[in-house]
Amino acid sequence: MKYVKLSIQEPVAVVTIDRPDCLNALNSQVFREISATLQEVEANDQVRVVILTGAGDKAFAAGADIAQMVHENGKQGKELALLTHQAGDLLENIRQVTIAAVNGYALGGGCELALACDIRIASENAHFGLPEVGLGILPGGGGTQRLSRIIGVGRAKELIFTCDQVDAQEAYRIGLANHVVPQEELMDACMAMAKKIASKASFAVTMAKNAINVSMSADMKSGCSKEQDLLGLLFATQDKQEGMTAFLERRKPNFTEF
Ligand code: CAA
């Protein structure tokens, strides 16, 4: 891979967008490499949590590559949108939990990748924003759909229409960032959360992720029905037996299923 680096420290995979000279701008190849890397990680039974971050100390990713897009026509724009959505869909739906370690600017397509992750942890110098309408386009990597689901329609419309950026503290205040930490502590904070999640019953975590994701597109009744089905499924697992027996025996559980 040219622009994406994968480092596995079981049970955690760290995926780094590595184009720091242009603030990790996302061209088509970067999006393809992110998707290929996530597919590789999803197939790895030893990895329970994926951390996505950007190389350098200035940017997570400053958006889709404007130097590429400036030359592109409508068909190519649609192709780029498909690539951005493929990466976003993987972050949102792979069986592992995904954490965005937002280490600086997360703009445009970079913000959209962070939005597709399950959890966002920001460093104090992070800035989030969707500047697309200032470039004559719109957020085409899921931003118009995911931002409003995370921070509400009113705030999402304001950020998208004005192109205003929010800093880390404001992102935390409006629920865009789960936590804000000093930059030098960012990866440790993400790793600590990743390990905490990985210590739980992984198959149950995946099913919980699945059920919560269903809530974003289903009505309450079908979402609750899905939740009931998944609970029934989990009652039939070894890990449910182990988790409850361990509680009653006052010992730590030894979960094995994924
Ligand atoms: N695409 C291509 N190159 C980019 C880039 C981008 N999105 N963002 C930054 N760069 C490049 C700059 O051109 C510059 O390159 P050179 O050194 O070769 O001139 C280098 O990265 C450093 O950037 P700056 O000098 O601009 O750094 P700064 O600290 O002054 O500003 C910034 C930082 C505010 C993030 C500014 O770079 C910026 O506004 N970037 C563009 C942000 C943007 O509009 N992103 C949205 C793209 S649209 C999109 O993402 C569409 C979609 O959803 C599919």
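Residues numbered from 1 in each chain as written. Predicted model: local features only at pLDDT ≥ 70, side-chain atom pairs only at ≥ 80, totals over all residues. Heavy atoms only, no water.

A. Spotlight on the site of the ligand. Around the ligand sit 21 residues in total, of which K58, A64, G109, E112 and E132 are the nearest. The separation between an oxygen atom of the ligand and a polar main-chain atom of A64 is 2.8 Å. E132 is positioned with one of its side-chain polar atoms (N or O) 2.8 Å from an oxygen atom of the ligand. For the ligand, the accessible surface in isolation is 990 Å², of which the surrounding protein chains cover 62%. Counting only elements with at least two residues in the shell around the ligand, the list comes to helix 2 (66-69), strand 6 (105-107) and helix 4 (109-116). The residue inventory of the shell around the ligand, partitioned by class, reads twelve nonpolar, four polar and five charged. (Near = heavy atom within 4 Å. Polar contact = N/O pair within 3.5 Å; in protein donor to acceptor, adjacent residues only side chain to side chain. Areas by Shrake-Rupley, 256 points an atom, 1.4 Å probe, with all protein chains shown as cover. Helix = DSSP H or I, 4+ residues; strand = E, 2+ residues; numbered from the N terminus. Nonpolar A, V, L, I, M, F, W, Y, C, P; charged D, E, K, R; others polar.)

B. Summary view of the sheet that holds strand 9 (residues 166-167). Strand order in the open sheet formed by four strands is 4-6-8-9, with mixed pairing between adjacent strands. Each edge of the sheet is formed by a strand with only one pairing partner; in this case those strands are strand 4 (59-61) and strand 9. Each of strand 4, strand 6 and strand 8 (127-129) is contacted by helix 4, which is oriented at about 95 degrees to strand 6, the strand it contacts most. (Pairing = 2+ DSSP bridges. Contact = heavy atoms within 4.5 Å. Axes fitted to C-alpha atoms, helices over the stretch in contact; angles between N-to-C directions.)

C. Inspection of the pattern of salt bridges at higher detail. Inspection of the entire model under this criterion finds ten salt bridges. With a shortest N-O distance of 2.7 Å, R95 and D45 are connected by a salt bridge. Of this pair, R95 sits in the loop between helix 3 (74-93) and strand 5 (97-102) while D45 sits in the loop between helix 1 (28-42) and strand 3 (49-54), and the two are 50 residues apart along the sequence. You can call D45 partly exposed: its relative accessible area is 42%. We note a salt bridge from R251 to E242, for which the minimum N-O separation is 2.7 Å. Look at E242 and you get buried, because its relative accessible area is 17%. Linked through salt bridges whose partners overlap, the residues forming this network are D89, E92 and R146. (Salt bridge = Lys/Arg side-chain N within 4 Å of Asp/Glu carboxyl O. Buried < 20%, exposed > 50% of the residue type's maximum accessible area, 1.4 Å probe, protein only.)

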